[in-house]
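Inside the fold
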Amino acid sequence: MRCNACWRELEGRAISTTCGHLLCTEDASKMLSNDAACPICDQVLSKSLLKPVDVNPNDEWINMAMAGVSPQILMKSAYRSVMFYLGQKELEMQYKMNRISGSVPAEM
Ligand SMILES: [Zn+2]
Ligand SMILES: [Zn+2]
């Protein structure tokens, strides 16, 4: 997963927004010090709705979080996670396309 604002690879902690974007903690705090609008879609966000997520949860954590959860709920949340992941990939693709078409200067 990558930060949707600066596109660096996320490690450890990231912030997920209510509009479905993923930010590194740096961009999230930058955003909150300004007017709290999402840098990607301009949706106004409130601080209390930003959710810190672990980008690389360890197996122990996953097992603990998933223990006792019914398969129906697991499937539902798996579906949501997959949709979120696909959305992320699509954003990343758009970003790359923009870079190729020259609207954003390409880094070498
Ligand atoms: Zn960032
Ligand atoms: Zn957004």
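As annotated in an unreviewed UniProt entry, the protein chain carries the name RING-type domain-containing protein and is attributed to Dipteronia sinensis.

On the protein side, the zinc ion (ligand 1) has Cys 3 (SG), Cys 6 (SG), Cys 24 (SG) and Asp 27 (OD) as donor atoms, found 1.7 to 2.3 Å from it. Here the zinc ion (ligand 1) is ringed by four donor atoms whose angles at the metal span 103 to 120°, and the overall shape comes out tetrahedral. Counting the intervening residues between successive donors of the zinc ion (ligand 1) yields the motif C-x2-C-x17-C-x2-D. Given the relative accessible area of 0%, Cys 3 is considered buried.

Our focus in this paragraph is the coordination of the zinc ion (ligand 2). Taken together, the protein ligands of the zinc ion (ligand 2) are Cys 19 (SG), His 21 (ND1), Cys 38 (SG) and Cys 41 (SG), with distances of 1.9 to 2.3 Å. Along the chain, the residues donating to the zinc ion (ligand 2) are arranged with the sequence spacing C-x1-H-x16-C-x2-C. Residue His 21 is located in the loop between β1 (13-16) and β2 (22-24), and its partner Cys 41 is located in the loop between α1 (25-33) and β3 (51-54); the two are separated by 20 residues in the primary sequence. The buried category is assigned to His 21, whose relative accessible area is 9%. Overall, the relative accessible area of 35% leaves Cys 41 in the partly exposed class.

Now for the pattern of salt bridges. Under the definition given, this model contains seven salt bridges. Here Asp 54 and Arg 13 are joined by a salt bridge, their closest N and O atoms 3.7 Å apart. Taken together, the residues Asp 54 in strand β3 and Arg 13 in strand β1 connect sequence positions 41 residues apart. For Asp 54, a relative accessible area of 38% corresponds to the partly exposed category. A residue is classified by how much of its surface remains accessible, and Arg 13, at 47% relative accessible area, is partly exposed. A salt bridge links Glu 92 to Lys 89; the nearest nitrogen and oxygen atoms lie 3.5 Å apart. Separated by three residues within a single helix, Glu 92 and Lys 89 lie in helix α3 (residues 71-100), roughly one turn from each other. Relative accessible area serves as the criterion here: at 11%, Glu 92 is assigned to the buried category. Members of the salt-bridge network, linked through shared partners, are Arg 2, Glu 9, Lys 89, Glu 92 and Lys 96.

Here we come to the pairing of β1. Inspection of the sheet shows β1 paired to β3 by four bridges, in the antiparallel sense. By the bridge assignment, Arg 13 is partnered in β3 with Asp 54. Pairing analysis gives three bridges linking β1 to β2, with the strands arranged antiparallel. In the strand pairing of β2, Ser 16 is matched with Leu 22. Taking the residues that link successive antiparallel strands as the turn, the β1-β2 hairpin has five residues, and the phi of Gly 20 there is positive, at about 85°.

Definitions and cut-offs
- Residues numbered from 1 in each chain as written.
- Chains lettered and ligands numbered in written order.
- Predicted model: local features only at pLDDT ≥ 70, side-chain atom pairs only at ≥ 80, totals over all residues.
- Heavy atoms only, no water.
- Donors = N, O, S within 2.8 Å, 3.2 Å for Na, K, Ca; no water.
- Tetrahedral: all angles 85-135°; square planar, octahedral: opposite > 155°, others 65-115°.
- Buried < 20%, exposed > 50% of the residue type's maximum accessible area, 1.4 Å probe, protein only.
- Helix = DSSP H or I, 4+ residues; strand = E, 2+ residues; numbered from the N terminus.
- Salt bridge = Lys/Arg side-chain N within 4 Å of Asp/Glu carboxyl O.
- Pairing = 2+ DSSP bridges.

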